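Okay, here's what each chain looks like letter by letter:
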Amino acid sequence: MTKTIQIGGMTCPHCTTRVETALNALDGVTARVNAAAKTATVECSSAVSEVDLIRAVQKAGYTVLTIK
């Protein structure tokens, strides 16, 4: 399943790397982060919940604005 996460607080390429690393550390997740759009496109298995994604972004130091 594919999800798009709108992320708050990202301001530079380093931010992009931190979020991408945090999301990709989850089992069953492949994520690509777009710094300009402040979004992450996530391919994940159904075993990964939105709460898991939110926690990973928060652990990296950023906020989730929306998940679609």
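Look up a bit, the structure's there.
Since this is a predicted model, take the numbers as computed values, not measurements.

Novice: Help me understand the pattern of salt bridges in this model?
Specialist: Side-chain pairs of opposite charge can arise whenever the charged atoms involved come near each other. Taken as a whole and judged by the stated rule, the model has 1 salt bridge. Taking the shortest distance from any N to any O, the salt bridge between Lys3 and Glu50 comes out at 3.2 Å. On the criterion of sequence distance, the pair formed by Lys3 in strand E1 (residues 2–8) and Glu50 in helix H2 (residues 50–59) is long-range, its members being 47 residues apart. When its relative accessible area of 37% is taken as the criterion, Glu50 is described as partly exposed.

Novice: Is there a simple way to explain the pairing of strand E3 (residues 39–44) in this structure?
Specialist: In regular strands, side chains alternate between the two faces of the sheet. Both E1 and E3 contribute to a ladder of 5 bridges, which runs antiparallel. The residue bridging Ile5 from the neighbouring strand is Ala40, located in E3. Hairpin geometry of strand E2 (residues 29–34) and E3 is characterised by an intervening segment of 4 residues between the two adjacent antiparallel strands and by a positive phi of about 55° at Lys38.

Novice: Please clarify how the side chain of Thr16 should be interpreted in this entry.
Specialist: With respect to the secondary-structure elements, Thr16 resides in helix H1 (residues 13–24). Judged by relative accessible area, which is 11%, Thr16 ranks as buried.

Novice: Explain the environment of Leu23 to me, please; I cannot follow it from the model alone.
Specialist: Among the secondary structure elements, Leu23 is positioned in helix H1. Taking the C-alpha atoms as reference points, Leu23 and Cys12, separated by 11 residues in sequence, lie 17 Å from one another. If we skip the residues at most four places from it in the chain, Leu23 touches Ile5, Val29, Ala31, Ala40, Val42, Leu53, Ala56 and Val57.

What counts, and where the lines are drawn
- Residues numbered from 1 in each chain as written.
- Predicted model: local features only at pLDDT ≥ 70, side-chain atom pairs only at ≥ 80, totals over all residues.
- Heavy atoms only, no water.
- Salt bridge = Lys/Arg side-chain N within 4 Å of Asp/Glu carboxyl O.
- Helix = DSSP H or I, 4+ residues; strand = E, 2+ residues; numbered from the N terminus.
- Buried < 20%, exposed > 50% of the residue type's maximum accessible area, 1.4 Å probe, protein only.
- Pairing = 2+ DSSP bridges.
- Contact = heavy atoms within 4.5 Å.

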